[in-house]
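Structural overview for review
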Amino acid sequence: MRSARVRLRRLPLHIAAGLTIAVCLFPVYWMVTTAFKPNRDIQSDTPQLLPQTWTLDHFRTAVHADGFGLFWRNSILVTLGAVLLALVVALGAAFAVARMRWRGRRQFVLMVFIAQMAPWEALIIPVYIISRDTGMLDRLPTLTLIYFMMTLPFTIVVLRGFIAAIPPELEEAAQVDGCTRGGAFRHIAFPLLAPGLMATSLFGYITAWNEFTYANFLIIKHQDSRTLPVWLSSFQNVFGTDWGATMAASTLFALPALAVFLLLQRHVTSGFAAGAVKG
Amino acid sequence: MSTVRDRPAKRLPDARPVRRSARPAPGSPRTPGRAWPYLLVAPTVLGMLYLLVYPLARAVLISFQDFRLRQLIRGDAEFVGLRNYRTLLTDARFWEVVRRTFLFMAINVVLIMVLATLVALVIERLGRVGRTAVLSALVLAWAMPVLAATTVFQWLFHSEFGIVNWTLTSLGFESFDRYPWFAHGPAAFTILVVLIVWQSVPFAAVTLYSALTTVPTELYESARLDGASAPRIFRSVTFPTIRPIFMLVFSLEVIWTFKAFVQIWVMTNGGPGDATTILPVYAVQTALSSQRYDLGSAASMVTVALMAAVLVLYFRQMFRQEGEAL
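Note that the coordinates shown come from a computational prediction; the quantities given were computed from them, not determined experimentally.

In this section: the overall build of chain B. Along the backbone of chain B there are 14 helices and two strands. Looking at chain B as a whole, 51% of its 326 residues are labelled buried. Residue pairs at least 24 apart in sequence account for 65% of intrachain contacts in chain B once pairs closer than 6 positions are excluded. As displayed, chain B has an accessible area near 15400 Å², and 63% of this comes from carbon and sulfur atoms.

The subject of this paragraph is the UniProt feature "domain: ABC transmembrane type-1" (unreviewed entry) in chain B. Within this numbering scheme, the UniProt entry marks residues 98–314 of chain B as carrying the feature "domain: ABC transmembrane type-1" (unreviewed entry). Helix and strand shares over residues 98–314 of chain B are 77% and 0% respectively, and the end C-alpha atoms of the span are 21 Å apart.

Residue and element names in this part refer to chain A. UniProt records the feature "transmembrane region" (unreviewed entry) for residues 12–32, 76–96, 108–130, 145–167, 188–208 and 243–264 in the present numbering. Along residues 108–130 one finds 70% helix and 0% strand; the C-alpha atoms at either end are 26 Å apart. Here residues 243–264 runs as 95% helix and 0% strand, with 31 Å between its end C-alpha atoms.

All right, on to the UniProt feature "transmembrane region" (unreviewed entry) in chain B then. All names here are of chain B. When the UniProt feature table is mapped onto this chain, "transmembrane region" (unreviewed entry) is found at residues 38–57, 102–123, 135–157, 187–212, 245–266 and 295–315. Along residues 38–57 one finds 100% helix and 0% strand; the C-alpha atoms at either end are 24 Å apart. What you have in residues 102–123 is 100% helix and 0% strand, and the ends, taken at the C-alpha atoms, are 31 Å apart.

Once that is clear, we can look at the packing of helix 5 (residues 68–99) of chain A against helix 6 (residues 105–116) of chain A. Between two packed helices, both the angle of their axes relative to each other and the distance between the axes serve to describe the pair. All names here are of chain A. As a packed pair, helix 5 and helix 6 sit with axes 10 Å apart at the nearest point and diverge in direction by 135°. Here helix 5 lies oblique to helix 6, going by the angle between them. In the packing of helix 5 onto helix 6, the handedness of the crossing is left-handed. Where helix 5 approaches helix 6, its residues Ala-93, Ala-96 and Val-97 are matched on the opposing element by Arg-105, Phe-108 and Val-109.

Below, the discussion takes up the packing of aromatic side chains. Residues and elements named next belong to chain A. Using the criterion set out here, one finds 37 aromatic pairs over all chains in the structure. Between Trp-120 and Tyr-214, the ring centres sit 5.9 Å apart and the planes meet at 80°, which makes this aromatic pair edge-to-face. With a gap of 94 residues between them, Trp-120 in the loop between helix 6 and helix 7 (124–133) and Tyr-214 in helix 11 (residues 213–218) connect regions that are remote in the sequence. Looking at Trp-120, the relative accessible area reads 8%, which means it is buried. Since its relative accessible area comes to 1%, Tyr-214 is described here as buried.

All names here are of chain A. Packing of helix 5 against helix 8 (residues 140–165) brings their axes to within 6 Å, and their N-to-C directions diverge by 35°. Judged by the twist between their axes, the crossing of helix 5 over helix 8 is right-handed. In the contact of helix 5 with helix 8, the residues fall into 23 nonpolar, five polar and three charged.

Moving on, we get to the interface of chain A and chain B. As a measure of interface size, the accessible area lost when the parts come together is often cited. At the interface, 99 residues of chain A touch 92 residues of chain B. Across the chain A to chain B interface the summed buried area is about 8400 Å²; carbon plus sulfur atoms make up 79%. Linking chain A to chain B there are two salt bridges. Linking Glu121(A) and Lys259(B) is a salt bridge whose minimum nitrogen-to-oxygen distance equals 3.9 Å. Across the chain A-chain B interface, the total number found is eight residue pairs in polar contact (both at pLDDT 80 or more). Ranked by residues supplied to the side of chain A that touches chain B, first place goes to helix 2 (residues 11–36) of chain A with 15 residues. Looking at the side of chain A that touches chain B, its residues break down into 66 nonpolar, 21 polar and 12 charged.

Counting residues in hydrophobic clusters, the biggest one holds 195 residues, and the most contacted among them are Trp120(A), Leu143(A), Tyr147(A), Tyr214(A), Phe104(B), Leu138(B) and Met144(B). At 18 residues, the largest contribution of residues to this core is made by helix 9 (residues 185–212) of chain B. Structurally, this core is a two-domain feature, drawing no fewer than three residues from each of domain 1 (33–78) and domain 2 (83–321) of chain B. Excluding residues that lie within four positions of it along the chain, Trp120(A) makes contacts with Ile146(A), Met149(A), Met150(A), Tyr214(A), Leu51(B) and Leu52(B).

It is a probe the size of a water molecule, rolled over the atoms, that shows where empty space is left. Approximately 810 Å³ is the volume found for the largest pocket. At the level of elements, helix 2 of chain A together with helix 5 (92–125), helix 7 (146–156), helix 8 (163–170) and helix 9 of chain B are the ones that each hand at least two residues to the lining of the largest pocket. No other element matches the eight residues that helix 2 of chain A contributes to the lining of the largest pocket. Across the lining of the largest pocket, the residue classes break down as 24 nonpolar, two polar and no charged. Elements with a contribution of two residues or more to the lining of the second largest pocket: helix 5, helix 10 (217–225) and helix 11 (230–258) of chain B.

Applying the stated criterion across every chain, the model contains six cavities of 30 Å³ or more. Empty space within the second largest cavity amounts to approximately 80 Å³. Pro119(A), Glu121(A), Ala122(A), Lys259(B), Leu279(B), Pro280(B), Ala283(B), Ser300(B), Thr303(B), Val304(B) and Met307(B) are the residues that line the second largest cavity. Elements with a minimum of two residues in the lining of the second largest cavity: helix 13 (279–289) and helix 14 (293–322) of chain B. Of all the elements, helix 14 of chain B adds the most residues to the lining of the second largest cavity, at four residues. Per-class residue counts for the lining of the second largest cavity are seven nonpolar, two polar and two charged.

What counts, and at which threshold
Residues numbered from 1 in each chain as written. Chains lettered and ligands numbered in written order. Predicted model: local features only at pLDDT ≥ 70, side-chain atom pairs only at ≥ 80, totals over all residues. Heavy atoms only, no water. Helix = DSSP H or I, 4+ residues; strand = E, 2+ residues; numbered from the N terminus. Buried < 20%, exposed > 50% of the residue type's maximum accessible area, 1.4 Å probe, protein only. Contact = heavy atoms within 4.5 Å. Areas by Shrake-Rupley, 256 points an atom, 1.4 Å probe, with all protein chains shown as cover. UniProt positions renumbered as here; feature names shortened; annotations may be inferred. Axes fitted to C-alpha atoms, helices over the stretch in contact; angles between N-to-C directions. Parallel < 35°, antiparallel > 145°, perpendicular 65-115°, else oblique. Left-handed = near helix turned anticlockwise from the far one by under 90°. Phe/Tyr/Trp six-rings, centres within 6.5 Å; stacked < 30°, edge-to-face > 60°. Nonpolar A, V, L, I, M, F, W, Y, C, P; charged D, E, K, R; others polar. Buried area = accessible area lost by both parts, 1.4 Å probe. Salt bridge = Lys/Arg side-chain N within 4 Å of Asp/Glu carboxyl O. Polar contact = N/O pair within 3.5 Å; in protein donor to acceptor, adjacent residues only side chain to side chain. Core = buried A, V, L, I, M, F, W, Y, C linked by side-chain atoms within 4.5 Å. Domains from an automatic or database assignment. 1 Å grid on protein atoms, 1.4 Å probe; cavity = no way out; pocket = protein on both sides within 12 Å on 5 of 7 lines; lining within 4 Å. Points joined across faces, edges and corners; volume = space filled by probe spheres on them.

What follows is the structure, encoded as structure tokens:
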């Protein structure tokens, strides 16, 4: 009797929870199922919640589209390059900020915080001109460097928090035992940093994987240097009005991000809440 | 690098004769080679100077020049003082865009903050299973790449085969039969708001939820003993505790929605007409489509100035939070 009343009182809560889940997931669900539907289901007057017959045709169309493999390769190269570069550079800076006392440290931290809010949308014209003048237009390293810079401040802020949380006594003890300062860091602090490295590289990965504006405006003549987001945005030219292929391409593009996020959900939520910054 | 190693070695010649490494002892007051921290931050500083400060300086420069396609090719731009800013600020269309930008931002941010707070409160009250389910759904929506989500929303709102039109028609709103969302200004504006709110709520909700978990339960209990109602508890207990993080998320969302570009560019290109043109879109349109790089840069700089005002708020918040940690 009592439990029934409690359940009734909690009903609005569960409706709200169900609604949140449905609203969050529906676009993702609709994208994936559309990708598997044959064309007659996609262009029917009554949309089907599930494909009547499942087909891989759209994935075939997407995969066989011109340059698909190349754009994947480009995206992966640019993303990996940017993330690795940001991790290495940020680790040094974060260590210096968290563990050392030096003149200009506060100013440096302030600069990092400001850089985190950099107005990238406003810099596209000068970056275009600078790249053109240095012969870096239409080249993947340009994108790598820009994505590196976009993710660097966040990476420093988060890693600094993680390093500061590791008691320096641990490393000092190792140093007393004969480790060098670098060795102590590598053997003691580095393993403890793993969750921080994971959270930040995930952030960098998402930023670089997603980035569209610079990829769109800096890669102009040399189509072979395009990345997946740009390719996806031009789907209407690539596939005509083939929505099945478009959704298949979107699914393939989104899948790595969705999978990684879901796998690392716990680190994601705690790591991001710690940094409290998206981009 | 070698100079760094030499200096402490000279300073402490006999201090640790056994150690091969020239690096000094930890915690020794005169500390490690003074250059070390500077070497460690040097790549960051150089990167920022070349990739951030230098482009920004160039943008400022261009905004004071006569810089069109000819100057882009030949590179003989002349300074024209404040002419670009004067052109911009006396243009009625520009002010219309500024007004629309603030409207767009306000609608988005209010919706995001209200919905995210509600979702966070729901998550907090759920059991373990329900909580994991909602958090997973939020993370999935959050992980959806911006461009994939934008493409999917175009499909959801497709005039002929879109499920939104089908649902609305089935519910009896016959006027939505084949309704061309992207042909009507307010409709296209609405879709972009829905898209951006859908993309932004997960981050805000997850962050606010993690803030909620820090509210001490004793406070709730004593408030309840005093007979406080749920809204009263939220106003007097919950909100004051999460206020720092709430304000942080709030300022971030202001900045992010102010900078919204990709969704608009890909979905509507600022159209139909000007209906979805906000400042970043206006700047890129002016610069790259009409080849008025000078006016585009000036528009970007006005955007940056407006955002700097928001940034001041953000930093005040940030420093209050960071406190002595800096």
